[in-house]
Every structure is written in structure tokens, then in C-alpha cells.
Amino acid sequence: MVSIPVRPIVSSLVRHKAGVFILACQVALTLAIVANVIFIITQRVALILQPSGIDEANIIIVDNHWVGPLTLEEAHARTDADLAALRSLPGVVDAYADYSIPIAGPWANLTGLSLEPEQKSPTSLADPYFADEHATAAYGLRLIKGRNFQTSEVVMGSTDEVPKVGSIIITEDLSRRLFPAGEALGKTVFMSNHPRTIVGIVADVKVPEKGTSNYAYKAVFLPVRLADVAGDPYIVRTQPGAAEQVRKSLTDILYKTSRLRILDRQDGVQHFRTLRTKAFATDRGLVILLTAASIILLLATAAGIIGITTLWVDGRRRALGMRRALGARRRDILAYILAENFFIVLLGICCGSIIALTANISLMHYLALKSLPPTYITLTSLFVLVLGQCAALPPARRAARVPPAEAMRIVPS
Amino acid sequence: MFSYYVGLGIRSLLNQRLITIWMILLIALGVAGTVSTFSLLRAVSSNAFAAKAHRLFTPQIDNHGPDYVKTYGIDPVLTLRDVEALRARDSAHLQAAIYQISLSLVPIDTTIDALEANGYAVTLDYFQMLDVPFRFGSAWSKAADKDGSNEVVIGSELNQKVFRGANSVGQEIRLDGHTYRIAGVLAPWNPLPRFYAYYRNAFDRHAPQLFLPFRQALNLRIPTAGGSYGESFPIWDMRSEISFISYWVELPDSAAAARYRNYLHAYADEQRADGRFQWPANVALRDQEDWLNYQHVVPPEARISFVVALGLLVVCAVNTIGLLLARFMRRSSDIGVRRALGGSRSAILFQYLTEAAVIGLAGGLLGAVLTVCFVSSLGLVFPVDVARLAHATLPTLLQAPIIAVCMVLLAAAYPILRACRIEPGWQLKSS
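It should be emphasised that the depicted structure is a prediction, and the values quoted were computed from it without experimental measurement.

1. Thoughts on the overall build of chain A
Part 1 of the argument: Counting its regular elements, chain A contains 11 helices and 15 strands.
Part 2 of the argument: Relative to the globule expectation of 22 Å for 413 residues, the C-alpha radius of gyration of chain A, 32 Å, shows a markedly less compact shape.
Part 3 of the argument: For chain A, the spread of C-alpha atoms along the three principal axes comes to 100 × 50 × 35 Å.
Part 4 of the argument: Looking at chain A alone, contacts between residues at least 24 apart form 83% of all its contacts between residues at least 6 apart.

The structure is reproduced here in C-alpha cells:
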């Protein structure tokens, strides 16, 4: 059994004011920064890892633009020709054209869904995909309930005039928001005051915006073939493993179908994964940067603890030897030094928690932060405490090795 | 005498190699992180239009009602009908109505693929308001501005691509099937942030290459290539409630801005009286600097990394205090002996100051090298558009050793004070 002599520790710490202050200060600052940084990292990692809900590995996106001017009918006809060519390719499962793509954007087009006509504020916001009967297969979406669109349901439209179609397919997340208690399938909801019937519910798919807002998975599929006269991106899904081969051949095939298009020969056709990586480039970069900074900070603090504790140990060799001579065991000395470190780090943690919260609140607006949950401080504190003990261990061992004979020596080594 | 201190300092640094290397490395990292993230932050915070920041204003009008505003906020752009109304009534100031366009250009040389010409449909005042530099020719005429004409202004890159850099004024180009005559060619020009590009990246490295008369673009019903807000008639319809036009006015002083704000409020109120708005007038007028903040043009990532780097530097400083204290106190017997042999306090002071300065300088120089590495690899962390703005210029690199030396000297103050206080007698007595 090792008893921790609290009073002698406190009085010895009071004697070493400067060292204690420096160590506690360093621990406090480290805790304040690392807790906030881990909070930011967690959010960004959640953003980077958010599932898109689509068959990512096998999807290729074609960034096609038409050489204008085209009428809407011409744009539809050309898009149809392209899609037919794409679907007939070996290795291609299905393809369709839309205005925007999950996570990769570029456009968001939030609309309100209401349960009643003329409802003052919508029951839920949702982001529409302008789909046809090929959309679910082209994204590889799992239909949970109901049915896919039928060919006869799909109408032609443009961004300027979205036809008021009767049926929609919604994501599971949206169905839960609209009908928390009951069955969503077959129900009628209102979009821009027009009634629409929910004919199908698909597994959650991400909206074009990359954020993690509360409408991140509230997507609604409309049976509208939306041709932009300037051209829309094509979503092409391939057989597993065929994606790279299909991607390489697509540019030439499309240029053979028609030369009156703008399709970058380098970056015009890309894997969805590439677009996804690009969309999160900044977030990933920030995570790397902040992780590196945290590791350096923690290492610096550990080094500081080792340095100063070693100094203290060396300065007290005589006293330590005397304690050993008076009957203290090695483990008593070890426990003593570790306990000393524990109190210092604890002091640092107390100050650090306050600094962490203050920094979070005062920089919240400037850095676009969210408020720091106490859990992050608690967990980081525990980690810093363990780190402090580990860092104090080598000097503590050195202290424990001081022989009792040291008490007799006059010359300080 | 000084060289003696340097020699002593270096010898003692070499004696405790591991701690010294660690200290220098940490200082270098802290300084390099701070300097490089600061150079990035300064680059994205700089404003090419700073001279006019408090004279350029953009109005906002709530044309969708309180429910919409509660969910999405007030639109950052205006509808065609509001822009036309504001332009018609208030002709005294420079007014630029701007919307983004993207047209296909088919070069006469058929071996070249069609390409996309990106730019803006603008009113004539745009060129004067933003001091746009012309290489050849000039902007279109006042008449063209009023009624629209097939005159265009192209950027230098497009001129390079299509006309190989020659004076192309008067030449024709085909965009989206229409023939246009080139009225002017710009000199290379891409001032950032592009504050009027409300949806696209404000730091777009590709300069706009095409400018069409605003009126002509609407006559030809050219759609916007930027964002638009709301559902209504097509954008070129005067009844449309779709906002898509970035509208800027130049006002000479704050009194004029106050007048304009009142006028804007009166306009929205009038629209309410006419039955168009069923809600009280809700308008805003922001100057260019306010606007950049309001639109969060400075990426939060740039700020976060700078603040964290600065925090790292502070921890480095505290750490340096601790390590120097440990190092100097460990040698307290040396100091005692030196003092006993007649070394003065100032001799001790100078030796340790030199030692600290050497550490700071070494850390700072290594920091400068690291800054070059960090700045050149910012592209791995930030989007190219943003990362390319930071440069490791000589003044930036000089910051590293200056900050490092100052920091270490400051951090060394307390440890040195302690070292100087060591009495010769005490140390001798115990031996």
C-alpha cells in the first residue's frame, strides 16, 4: 500500500512556484487548444465520412455542356441520345441526367413540403432530384417501400418551369419527418401548394449540399426530366469493377455521338469518388493540419513535464536520499513524484477548462465554431492527465533510484 | 568578448544536445506555422477594392416574405424588376447590374474543341466602377447599354486563345449561335476577392473572359450561370420574382448612403402599397467591406489554422521558459563557481542572453526554411484558388527569425533572472 502524502506535496509545490506555474500554464493552454481542436476535427471527420447513400465505387459523373443555342426540345433530344448511347455501353448498368449530384453539388434547390395546402411554414425542407425511371438504378438506391416511377409518369421540364407532377419518391429520413407516427407511402403532401402522392420510399440519399444540416438526407425525387439548355451532368453507374474502363472510353464515345458539346478531355468524366474527395479537400486539409498541431502540442507538453520534473528530482537528491534512509521504499518515492505531477496537471486542467470554454465562446463567431460540449473537455483532460503521468514516469523512476547513501553526500551532483 | 559568449553558448548548447535540438525544432515549427498561416490569412483577407470599400454599396430587398426570410435569409441578389426600377429612378450614381453567364464558343479552327466562355452580363458602369483596364478598344456605347447590341468585351486569355493575342477589336466571334463584334479586349485583370460573384468562389483563379451588355443578355434570354432564388416566371420576365442580379451602386459618402437607404425603404414600402409585398418593407444596404464579412468570404479554415498556430507558438514560448529554466538551474554550480572566480553578474547575464539568442536564431532560420515548405504545400491542404494566394516572400520569411529571437529572449527573461541571482558563496559552501 502506498499512501500519498498530500501536505508535503503541496508545501513543496508552493516552494517551486515558478516551475509549477509554467507547467500548469502549459497544460492549461494545451488542454484549451486540443479540446477545441478535437471538437473541430470530429465535426470535419463526420462531414468527410458522411455516407452519400449511393453506389459510390461504381458511379461516374459526366460534366457535359451543349454548344448553344438549343431549344428545350433540342436539349432533351440530345440528352436522350447521349443517355441511350451510355446505357447501351458494355459494363454500364444505367444512366440519367440531373441538375445536381449528392454531396458534389453544384446547386442546392431547397423547397418546402407541407401536409396541408396553404400551410404557413412547411413541415420539412427537402432538396429535389429531377429523376426519371432510371434514377434509382443509376444511383443504386434501395427501394424500401412502394415502387419506382413508371415511364408514363415522367414528364419533360426545365428549371424555369417545373411541371406540377403528381407522384414523388422520398427518402426514409424525409418520410420520418413528414409522418413521424404513421405510414408515409400513399400519402399526399404539398410542394408549392400542389398535391403530390408519395409512391415510393428509398434508403437515405444525401442532398447536393455537402453540409450536415438537418435536411442532409431529406431528398425528394420528382418524375421530371429536367434538361437545362446549357447541359446537365450525367450520372452513370457501371458493373462492379468496370468503372475505370468505362470512364476512360466515355469522352471519345460522347464526342463521336456529337461534337457540338463542351466536355473537358481531362476532367470532363470523373469517378464520383474523385468529386467527393474534391468536395472535402478543405476539410481533409484542416483535419491533417489540426491533427499535426495537436500532436506537436502534446509532445511539447510532455517534453516540458519531463524537463522540469527531472530538474526538480536532481535538485532534491539529498532530500530523496534522506527519505529513503528513513525508510521510504522506492515505490513511495515513485508515487510521491507522480502525485506531485498529478496535482500540477490537475491545476492546469482546471485553468485549461475555463480557457477552453472562454476561447470557444469568444472565437465562436470569428471562427464559425459551434459551442464546445463539456464531454470534449472531460475526455481531453483525462488524456492529458494520463500523458502527464507517463511523462513524469522517467523522472520519477530516476528519483526512485536515488540510493539512501545520497543523504550522506555533501556535494550535490 | 562577445565571441567568447557565443563560443561558450554554443559549447553549452552542444553539451545538452537533445534538449537543444528539441527546443529549436519546436520553436521552428511554432514560428513557421504561425508565419505561413498568417500569410495565407492576410492574403484571403486583403481586398483589391479596399480604396472603394466604403463607397460601393449593394441593396437587398425582401421579395419573398418573412417565412422565406426566416428559413433562407434575405436574398443576396435582386430581381430584374427591382433592378430596373432602382436604375430608372436613381440615375445620379454609378450603378452596376451584374449576372454570371457562361456561353459556348465555337472557334473557326475546327480542330479545336468548342470551349466555354465564362463571364458576366454587366451594365456600362461596371467598367468605370471597378476601374477595368483595357488593352485594346473600349467598352460598348451608351446606346448599346440602353438598348442592347451585339458588342462584347473579352478578357486577355480568351483573346490569346482565339486570336493569339492580336488586337481583335472589330472582329467577330460566335457565342451560343449568335455573332458578336468585339468592342474591347481587357488587359490581364482578376482582382480578388470577386465580391459580386455571390455564389461562385470569390477567389476564382480564372479571370472572367466575357462581358456582354446587360440589356442584350436579357434580350437574348441568356440564363444565369450563377445561382438564383425563388420560383416564378423566367428571370427575364419583368413579373419574375426570381432574384439573380448582383447590383452595386457607388455612393460618395455616408450621407448619400443614408439617403439611399431611405429611398430603398420607400421603394419597398411603395411595392407593399401596390400590393406586391404583403409584409412590411424589409431592406438592407451594405458597403463592400460589410458585404465581404456578411458573405463570409474569408474561409473559416484560414482563421482556424492561424489561431491554432498562434496557440502553438504561445505553448512553445511557455515550454521554452520551462526548458531554459531547467537548463540554467541545472548548471547553478557552474554559475556559482564562475561568480566565485570573479565573473560578474553581467557576464552571466550576457552569456545566457547570447545562448537564448542563438537558440532563437537557429529556431527562426529553421522556421524560415519550414515556412517555405509550408507555404508551397498549402495546396495540399487548401483549395488551389485559395492556397495560391499565399507567397513566401522575403518580408514574410524575415518574420520567422525576428519572431523567434524576440520570443526566446522574452521567454529567457525569467530563467536568466534566476540564474543571475545565484550567490557564489552558497554554491561553494555546499562543496
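2. Considering the overall build of chain B
Part 1 of the argument: Secondary structure assignment for chain B yields 16 helices and 10 strands.
Part 2 of the argument: If you line up chain B on its principal axes, its C-alpha atoms span 100 × 60 × 35 Å.
Part 3 of the argument: Taken across its 431 residues, chain B has 44% of its residues classed as buried.
Part 4 of the argument: Put simply, 78% of the contacts in chain B that link residues at least 6 apart link residues at least 24 apart.

3. Things to note about the pairing of strand β6 (residues 172–175) of chain B
Residues and elements named next belong to chain B.
Part 1 of the argument: Covered by surrounding structure in β6 are Ile-173 and Leu-175 only, the residues Glu-172 and Arg-174 on the alternate face being uncovered.
Part 2 of the argument: As paired strands, β6 and strand β7 (residues 178–186) are joined by 4 bridges and run antiparallel to one another. Among the inter-strand pairings, Ile-173 is bridged to a residue of β7, identified as Tyr-180.
Part 3 of the argument: Linking two consecutive strands that pair antiparallel, namely β6 and β7, is a turn of 2 residues; a positive phi of about 50° is found at Asp-176 within it.

4. A short note on the domain arrangement of chain A
Part 1 of the argument: According to the domain assignment, chain A consists of domain 1 (6–48 + 282–408) and domain 2 (65–267).
Part 2 of the argument: One C-alpha centre belongs to domain 1 of chain A, the other to domain 2 of chain A, and the line joining them spans 54 Å.

5. With respect to unusual backbone geometry
Part 1 of the argument: Backbone torsion omega between Gly-105 of chain A and Pro-106 of chain A reads 5°, so that peptide bond is classified as cis.
Part 2 of the argument: Looking at the element boundaries, Pro-106 of chain A is found in the loop between β3 (92–97) and β4 (111–114).
Part 3 of the argument: If you check the backbone angles, Arg-221 of chain B has positive phi at about 55° while not being a glycine.

6. Observations concerning the interface of chain A and chain B
Frequently, the measure chosen for interface size is the accessible area that the parts lose on association.
Part 1 of the argument: Taken together, the contact between chain A and chain B spans 51 residues of the former and 50 residues of the latter.
Part 2 of the argument: Elements with a minimum of two residues in the side of chain A that touches chain B: α2 (17–49), β2 (65–66), β14 (261–262) and α8 (281–315) of chain A.
Part 3 of the argument: The element that contributes the greatest number of residues to the side of chain A that touches chain B is α8 of chain A, accounting for 18 residues.
Part 4 of the argument: Grouping the amino acids of the side of chain A that touches chain B by side-chain chemistry returns 35 nonpolar, 12 polar and 4 charged.

Conventions we followed
Residues numbered from 1 in each chain as written. Chains lettered and ligands numbered in written order. Predicted model: local features only at pLDDT ≥ 70, side-chain atom pairs only at ≥ 80, totals over all residues. Helix = DSSP H or I, 4+ residues; strand = E, 2+ residues; numbered from the N terminus. Rg over C-alpha atoms; globule rule 2.2 N^0.38 Å. Contact = placed C-beta atoms within 7 Å. Buried ≥ 20, exposed ≤ 12 C-beta atoms within 10 Å, placed from the backbone. Pairing = 2+ DSSP bridges. Domains from an automatic or database assignment. Nonpolar A, V, L, I, M, F, W, Y, C, P; charged D, E, K, R; others polar.

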